[in-house]
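Okay, here's what each chain looks like letter by letter:
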Amino acid sequence: MRRSPSASVSGGAHRRLLRSAAASVAGFAGLVAWTLMTGPAAHGADGAACLLPRTDVHHSEGVDGWEGDYARPAGDVKALMIFLSFPDAAPQLTPAEVAADHFPHTAHFYDRASYGQFRLHVHPETRWLQMPRPSTAYAINRDWDAADRTRYLRDALAVADPRIDFRGYGVVYLVADPDAPGVDSDATKVVNLSQPIDVDGTALRRLVTVFEHHPPDRNVLAHETGHVFDLPDLYYRPPAGSNADWDTHVGDWDLMGSQFGLAPEPFAWHKWKLGWLRRSQVGCIARTGTTYHDLSPLETPGGTKLLVVRTGADSALAVEARTAAGNDRTTCRQGVLLYKVRSDRESGDGPIDVVDGHPGTSACPATSVYPPLADAPLGVGESYTLPDGTTQVSVLGRQDDGTFTVRITENAPKSAAYHGLGS
């Protein structure tokens, strides 16, 4: 889903007006049928203890399997970009100008995030295809009525199919003329189809409907592309009429929380889920005692990227190192970041919560989407202890290459009920 900056400090009302709100909705009607396939390999007995199970919630953060209806973001993936105009507006931009709003930036983002393992190649069409109805006829908005959305998708595919060969494309972007009067940028989202549609022998299961203005929100298409590969929304959607903040769960950390975040690099948990981390790069803390670890910066290749402490049947504490490099070059603070993961919470319902390592302070109020979490990482010499006292994470030092030395102390097992944990 499209996310705009929220407001926890001054200027908040203006930021909230930019927010889009809906979680990825089912297209046409019904529910998506899920099929589990083999996911990340267990890291021996200890690694298995940290593989949170997939649950039936939408975009579950479980890592013990992979939803077979989703393509894997690995190797070379082709994306098709189709440009749609309307009878009530003549496009002011060329398709090439609109495509340049999103590419090559989106491809570069994922190339860096995946350490070169996922390469997104976009093919932008060179002409506008005119829809049969005026843009205002589709009632485009962030909480789009299912019937209006269905009409839009059917018209778009009916216009495109005779003119475009869909074969071989793993991602399809339907890009509307940003200057058409009925286009609402808050409606940018991924639409999941209850039943795949066969077009030119390609089974279309989800489509990215793009209604961005020119220029668009930063990282918006990278965010939406994350949904195509089963990543959840990490923001909070307040009830209608509420002034609550949207970014209380993860703040600037991970673009699935906010596309405007200062540190949009995907969490190490998401890189694990997507298959971009090798088994040797994830450490599972499954027994009592004290262990020492070197955490390599998440933004650079190589080294251990993620430490996991199982805290419940569907929950874990994740630990990673974040620095001002790559996709995080604008980050507010560097250090060791902790966050809690729940595989039983669906997209938009808080599946990840960043742990605030400095709860009494905030940082970067002029640029952060949520300043209270902008300084969440622990620095050298700092520690965090879980409220139940069972786990303590301490940052002991930082090496010249940016690697952090971390000590984790497990004082007592959470419960013998969690498979693989000590008793």
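The structure displayed is predicted, hence computed values, not measured ones. (Residues numbered from 1 in each chain as written. Predicted model: local features only at pLDDT ≥ 70, side-chain atom pairs only at ≥ 80, totals over all residues. Heavy atoms only, no water.)

### Focus: the overall build of the chain
Within the chain, the regular secondary structure consists of eight helices and 17 strands. Split into buried and exposed, the 423 residues of the chain put 57% on the buried side. Sequence-distant contacts in the chain: of pairs separated by 6 or more residues, those separated by 24 or more amount to 70%. Summed over its atoms, the accessible surface of the chain is roughly 15,600 Å², and 51% of this surface lies on carbon and sulfur atoms. (Helix = DSSP H or I, 4+ residues; strand = E, 2+ residues; numbered from the N terminus. Buried < 20%, exposed > 50% of the residue type's maximum accessible area, 1.4 Å probe, protein only. Contact = heavy atoms within 4.5 Å. Areas by Shrake-Rupley, 256 points an atom, 1.4 Å probe, with all protein chains shown as cover.)

### Side note on the state of the cysteines
As used in these notes, a disulfide is a covalent bond between sulfur atoms, one from each of two cysteines. Inspection of the entire model under this criterion finds two disulfides. With its sulfur 1.9 Å from that of its partner, Cys50 forms a disulfide with Cys284. On the sign convention where negative means left-handed, the S-S torsion of about 80° between Cys50 and Cys284 marks this disulfide as right-handed. Remark: Cys284 occurs in strand S9 (residues 282-285) and Cys50 occurs in the loop between helix H2 (44-49) and strand S3 (65-67); sequence separation between them is 234 residues. Side by side, Cys50 and Cys284 carry an identical accessibility label, which is buried. There is a disulfide in this structure between Cys332 and Cys364, and the S-S distance comes to 2.1 Å. Judged by the sign of its S-S torsion, about 95°, the bond between Cys332 and Cys364 is right-handed. With a gap of 32 residues between them, Cys332 in the loop between strand S12 (315-322) and strand S13 (335-342) and Cys364 in the loop between strand S14 (352-354) and helix H8 (371-374) connect regions that are remote in the sequence. (Disulfide = S-S within 2.5 Å.)

### Here's the deal with the pairing of strand S16 (residues 391-398)
Here strand S15 (residues 383-385) runs beside S16; their pairing, made up of three bridges, is antiparallel. Each bridged residue has a counterpart across the sheet, and for Tyr384 the counterpart in S16 is Val393. Hairpin connection, S15 to S16: the antiparallel pair is bridged by five residues, and Gly389 has positive phi, about 80°. As paired elements, S16 and strand S17 (residues 404-410) share seven bridges and run antiparallel to each other. (Pairing = 2+ DSSP bridges.)

### Concerning helix H6 (residues 220-228)
Here H6 lies mainly inside the structure; nine of its nine residues are buried. Residues of H6 that are buried in the fold lie against strand S4 (75-85), helix H4 (105-113), strand S5 (118-130), strand S6 (171-176), strand S7 (189-199) and strand S8 (202-210). The first or second residue beyond H6 is Asp230, which carries a positive phi of 75°.

### Remarks on the confidence of the model for the chain
Looking at the chain as a whole, its pLDDT mean stands at 88, while 87% of the residues score no less than 70. Here residues 1-45 is a poorly scored stretch, pLDDT under 50, and it has 162 contacts once near neighbours within four places are set aside; other chains count. Note on residues 419-423: pLDDT is under 50 here. Beyond four places in sequence and across chains, it has ten contacts. (pLDDT = per-residue confidence, 0-100.)

### Side note on the side chain of Lys271
Within the secondary structure, Lys271 sits in helix H7 (residues 268-274). A distance of 3.0 Å separates the side chain of Lys271 from the backbone oxygen of Ala113, its partner in a polar contact. A polar contact of 3.3 Å, which involves the side chain of Lys271, links it to the backbone oxygen of Leu298. When neighbours within four sequence positions are excluded, Lys271 is seen to be in contact with Ala113, Tyr115, Glu265, Pro266, Trp276, Leu277 and Leu298. (Polar contact = N/O pair within 3.5 Å; in protein donor to acceptor, adjacent residues only side chain to side chain.)

### Brief notes about helix H5 (residues 146-160)
Over its 15 residues, H5 extends 21 Å from the first C-alpha to the last, a length consistent with the 21 Å expected when each residue adds 1.5 Å. Among the residues making up H5, those that are buried are Asp148, Arg149, Thr150, Tyr152, Leu153, Asp155, Ala156, Leu157, Val159 and Ala160. Between a side-chain oxygen at the N-terminus of H5 and the backbone nitrogen of Ala147 the separation is 3.0 Å; the capping residue is Asp145. (Expected span 1.5 Å × (residues − 1).)

### Details of the packing of H4 against H6
Packed helices, taken two at a time, are described by the angle between their axes plus the distance between the axes. At a closest axis distance of 8 Å, the pairing of H4 and H6 adopts a crossing angle of 60°. By the angle between their directions, the pair H4 and H6 is classed as oblique. At the point where H4 passes H6, the crossing takes the right-handed sense. The residues of H6 that touch H4, namely those facing Thr106, Phe109 and Tyr110, are Leu221, Ala222, Thr225 and Gly226. Split into classes, the residues belonging to the contact of H4 with H6 amount to four nonpolar, three polar and no charged. (Axes fitted to C-alpha atoms, helices over the stretch in contact; angles between N-to-C directions. Parallel < 35°, antiparallel > 145°, perpendicular 65-115°, else oblique. Left-handed = near helix turned anticlockwise from the far one by under 90°. Nonpolar A, V, L, I, M, F, W, Y, C, P; charged D, E, K, R; others polar.)

### Topic: the sheet that holds S17
The four strands lie next to each other as S10-S17-S16-S15, forming an open sheet whose pairing is antiparallel. Each edge of the open sheet carries a strand with a single partner, namely strand S10 (289-295) and S15. With strand direction ignored, the average angle separating the axes of adjacent strands in the sheet is 15°.

### Description of unusual backbone geometry
Looking along the chain, the bond that leaves Phe103 and enters Pro104 is cis, with omega of 15°. Locating Pro104 in the fold gives a position in the loop between helix H3 (95-100) and H4. In this structure, Pro215 follows His214 across a cis peptide bond, with omega equal to -5°. In this structure, Tyr115 is a non-glycine residue whose phi angle is positive, near 60°. By the element assignment, Tyr115 lies in the loop between H4 and S5. Phi is positive for Cys364, close to 50°, though the residue is something other than glycine. The class for Cys364 is partly exposed, based on a relative accessible area of 23%.

### Things to note about the sheet that holds S13
Pairing in this open sheet of five strands is mixed, and the strands run S9-S11-S12-S13-S14 from one edge to the other. Looking at the sheet topology across the chains shown, the edges are occupied by S9 and S14. The average undirected angle you get between the axes of adjacent strands in this sheet is 25°. Bridge count for strand S11 (residues 306-312) against S12 is five bridges, and the pairing is antiparallel. Looking across to S12, one finds that Leu307 is bridged to Val319.

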